[in-house]
Amino acid sequence: MKRRGTAGDRLADTIVDPLITDPVPARARGTARQATEAHDLPISDDLGGLIEPGQMIEASEDTGGGFEGDLRGLVRGLSVTANAKRASNGGVSLAVRQSLTIERPYQEA
């Protein structure tokens, strides 16, 4: 597997720990080099609607999340906010956004 837009020639460091013999702590050890980030994204068809914890996400900066480049990772948390505003024509406008906690590998230059 390689990251889109790359030559696929940069591999992550192998993590070996001879004292860990069970899959649960091994998985935790392997995710030690992960970043946890919070992003506020719209609920849109481009992103697949509401993104639930446990889902993988891939989004680009033009989806309205305020981040640079591509965003890929595992969703660990979710909160949803809705704001209603009175429109000039007397109607009501509703804006719904989702705030995601995303776990993803650190990016190195």
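Our focus in this paragraph is the confidence of the model for the protein. On average, the protein scores 79 in pLDDT, and the residues at 70 or more come to 72%. Predicted confidence in the protein is weakest over helix H1 (residues 23-30), with a mean pLDDT of 79, and strongest over strand S3 (residues 70-86), with 89.

On to the side chain of Glu 103, then. Within the secondary structure layout, Glu 103 lies in strand S4 (residues 92-105). One polar contact links Glu 103 to Arg 76, side chain to side chain, over a distance of 3.2 Å.

What follows covers the side chain of His 39. Among the structural elements, His 39 can be located in strand S1 (residues 34-42). For His 39, a relative accessible area of 12% corresponds to the buried category.

Moving on, we come to the environment of Gln 34. Assignment of secondary structure puts Gln 34 in strand S1. By relative accessible area, which is 22% here, Gln 34 ends up partly exposed. The spacing of Gln 34 and Gly 73 is 39 residues in sequence and 9.6 Å in space, taken between C-alpha atoms.

With that settled, consider the sheet that holds strand S2 (residues 56-60). Pairing in this open sheet of four strands is antiparallel, and the strands run S1-S4-S3-S2 from one edge to the other. The open sheet terminates on both sides in strands that have one partner only, identified here as S1 and S2. Here the average twist between neighbouring strands, direction ignored, is 35°. In terms of strand pairing, S2 meets S3 through five bridges, oriented antiparallel. Bridge pairing links Glu 58 to Arg 72 in S3.

Quick notes on the rules
- Residues numbered from 1 in each chain as written.
- Predicted model: local features only at pLDDT ≥ 70, side-chain atom pairs only at ≥ 80, totals over all residues.
- Heavy atoms only, no water.
- pLDDT = per-residue confidence, 0-100.
- Helix = DSSP H or I, 4+ residues; strand = E, 2+ residues; numbered from the N terminus.
- Polar contact = N/O pair within 3.5 Å; in protein donor to acceptor, adjacent residues only side chain to side chain.
- Buried < 20%, exposed > 50% of the residue type's maximum accessible area, 1.4 Å probe, protein only.
- Pairing = 2+ DSSP bridges.
- Axes fitted to C-alpha atoms, helices over the stretch in contact; angles between N-to-C directions.

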